[in-house]
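# Fold and geometry: a report
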Amino acid sequence: SLRQRQQTRHQQLSSADWDDSGSLFKYEQHDALELAVSCLEEAAKHTPCDGRLYNNLGIALERLLERYNTANNNNSNNNNNNDDDNGSTPHDNSAMMMTVELNERIRTAYETSTAIHSACQRVGCDVA
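Residues numbered from 1 in each chain as written. Predicted model: local features only at pLDDT ≥ 70, side-chain atom pairs only at ≥ 80, totals over all residues. Heavy atoms only, no water.

Helix and strand content of the chain: five helices and zero strands. Along the chain, from the amino end to the carboxyl end, the secondary structure elements read α-α-α-α-α. Counting every position in the chain, which comprises 128 residues, the buried fraction comes to 29%. Residue pairs in contact within the chain that sit at least 24 positions apart in sequence constitute 67% of those at least 6 positions apart. (Helix = DSSP H or I, 4+ residues; strand = E, 2+ residues; numbered from the N terminus. Buried < 20%, exposed > 50% of the residue type's maximum accessible area, 1.4 Å probe, protein only. Contact = heavy atoms within 4.5 Å.)

Okay, structure coming up:
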C-alpha cells in the first residue's frame, strides 16, 4: 500500500506491519507470494521469537513451492512433447535444487514455529 511504501522510505516498519504485508499470499499470485515471503522473512529478522510469524512463513513458502512445482511440471510436459531425449538438462537440475531449497526453508520455518510455541507453552505464555 502507499502507506507502507512511504513508511519504508522514512522509517523502519514495525514487525506487525511486515507480518500484515505477508498476508498477501492469500491472493495466490506468484509475485504476491514472493513479496509475502520477503515481508515475512524481514519481519522474522525484527521479531525472531514470533512463532505465528514463522508459521505464516511456512505457509507462504509452501504455496510458493506449489506454484513453482505446477509451473515446472507444465514446462516439463511441454519439453517432453517436443523432445525425445530423456537425459537430464541443466533446467531439470536447477529445478531440483530450487525444490530442495524451498523444502528446507519450509521445514526450518515450521520447526522454528514449533520450537517457539513449545517454549512458550512450557513457561506458561499465551501466544494465541
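Now that the structure has been shown, we can carry on.
In this section: the pattern of salt bridges. Scanning all chains against the criterion turns up six salt bridges. Glu-101 serves as the salt-bridge partner of Arg-105, at 3.6 Å between the closest nitrogen and oxygen. Of this pair, Arg-105 and Glu-101 both sit in helix 5 (residues 90-123), four residues apart, which is roughly one turn of that helix. Judged by relative accessible area, which is 27%, Arg-105 ranks as partly exposed. A network of salt bridges, in which partner residues are shared, links Glu-41, Glu-101 and Arg-105. (Salt bridge = Lys/Arg side-chain N within 4 Å of Asp/Glu carboxyl O.)

What follows deals with the environment of Ala-32. Relative to the helices and strands, Ala-32 is located in helix 3 (residues 30-46). Sequence-wise, Ala-32 and Leu-64 are 32 residues apart; in three dimensions their C-alpha atoms are separated by 9.5 Å.

Next up on the list: the environment of Ala-43. Secondary-structure assignment places Ala-43 in helix 3. Sequence separation between Ala-43 and Leu-57 is 14 residues, and the spatial gap between their C-alpha atoms is 9.8 Å.

Val-37, Leu-57 and Leu-61 are the most contacted members of the largest nonpolar core, which has 17 residues in total. When contributions to this core are tallied by element, the ones reaching two or more residues are helix 3, helix 4 (51-82) and helix 5. Per element, the largest residue contribution to this core is seven residues, and it comes from helix 4. Every residue in contact with Leu-61, bar those within four places of it in the chain, is listed here: Val-37, Leu-102, Arg-105 and Ile-106. (Core = buried A, V, L, I, M, F, W, Y, C linked by side-chain atoms within 4.5 Å.)

Topologically, Thr-114 is positioned in helix 5. A residue is classified by how much of its surface remains accessible, and Thr-114, at 48% relative accessible area, is partly exposed.

Here the chain shows a mean pLDDT of 77. Residues at 70 or above account for 63%. Predicted confidence in the chain is weakest over helix 1 (residues 2-10), with a mean pLDDT of 49, and strongest over helix 5, with 91. In this model, residues 23-28 is a region of pLDDT below 50 whose contacts with residues beyond four sequence positions or in other chains number eleven contacts. (pLDDT = per-residue confidence, 0-100.)

Scanning all chains against the criterion turns up zero disulfides. Take Cys-49: it sits in no disulfide, and the sulfur closest to it among the cysteines is that of Cys-120, at 7.9 Å. (Disulfide = S-S within 2.5 Å.)

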